[in-house]
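Listed below, chain by chain, are the residues.
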Amino acid sequence: MKDPRDIILRPVISEKSYTLLDHNKYTFEVHAKAKKTEIRQAIEEIFGVKVTAVNTIRIPPKPKRQGWTAGHTSARKKAVVSLAPGHSIEFFEGPLG
C-alpha cells in the first residue's frame, strides 16, 4: 500500500459526516489494513492539508437476505480526519448533486 489512492478509497457522504464539517473533520472510507499514520500521510499528500488527528472505525459485516438467499455485507473501515485550523478540503465544500 504505497500509493495514497490505494489507502483512501472514497469520501463518506452522509448527514453525520456533513455535521462534522463544522468542526473541520472529514470522513473517508479507507483500506481495511491501513494504519492511522498511513491515512494521515495519504490525506496530506492527496489534498495538501495539515492533519492533526485520525480516528478509525471498523464496521463489521451485517447479515442480509433476499428471499431464500442469505449473505452479508462486506466489512469496511472508516477514518474521521481532523484538519488544522485554516485548512479545508474543497471536495466537500461544493453543492450536492
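Look a little higher up for the structure.
So, a few notes on the structure that sits alongside this text.

About the criteria used
- Residues numbered from 1 in each chain as written.
- Predicted model: local features only at pLDDT ≥ 70, side-chain atom pairs only at ≥ 80, totals over all residues.
- Heavy atoms only, no water.
- Helix = DSSP H or I, 4+ residues; strand = E, 2+ residues; numbered from the N terminus.
- Buried < 20%, exposed > 50% of the residue type's maximum accessible area, 1.4 Å probe, protein only.
- Contact = heavy atoms within 4.5 Å.
- Areas by Shrake-Rupley, 256 points an atom, 1.4 Å probe, with all protein chains shown as cover.
- Lys, Arg positive; Asp, Glu negative; His and termini not counted.
- Charge placed at Lys NZ, Arg CZ, Asp CG, Glu CD.
- Pairing = 2+ DSSP bridges.
- Axes fitted to C-alpha atoms, helices over the stretch in contact; angles between N-to-C directions.

1. Focus on the overall build of the protein chain
In terms of helices and strands, the protein chain carries three helices and six strands. Along the chain direction, N to C, the helices and strands of the protein chain fall in the order α-β-α-β-α-β-β-β-β. C-alpha atoms of the protein chain, sized along the principal axes, occupy 55 × 30 × 20 Å. Residues classed as buried in the protein chain amount to 30% of the 97 residues present. The contacts of the protein chain with a sequence gap of at least 6 include a subset with a gap of at least 24, amounting to 59%. Accessible surface, the protein chain: about 6,900 Å² in total, of which carbon and sulfur atoms supply 53%. Across the protein chain, the 17 positively charged side chains and the 10 negatively charged ones have centroids separated by 11 Å.

2. A look at the environment of aspartate 22
Inspection of the secondary structure puts aspartate 22 in the loop between helix H2 (15-20) and strand S2 (25-30). Among the residues examined, aspartate 22 registers a relative accessible area of 69% and is labelled exposed.

3. What about the sheet that holds strand S3 (residues 51-59)?
Taken together, four strands build an open sheet; the order of strands is S1-S2-S6-S3 and the sheet is antiparallel. The open sheet has two edge strands with one neighbour each: strand S1 (8-11) and S3. Looking at each pair of strands side by side, their axes are set apart by 35 degrees on average, direction ignored. As paired elements, S2 and strand S6 (residues 76-83) share six bridges and run antiparallel to each other. Residue pairing in the sheet places threonine 27 in a bridge with valine 80 of S6. Together, S1, S2, S3 and S6 form the strand contacts of helix H3 (residues 36-47), whose direction differs from that of S3 by roughly 120 degrees.

4. What about the pairing of strand S5 (residues 69-72)?
With four bridges joining them, strand S4 (residues 63-66) and S5 adopt antiparallel strand pairing. Counted as the bridge partner of lysine 64 is glycine 71 from S5. Between S4 and S5, which pair antiparallel and follow one another directly, the connecting turn spans two residues, one of which, glycine 67, has a positive phi of 70 degrees.

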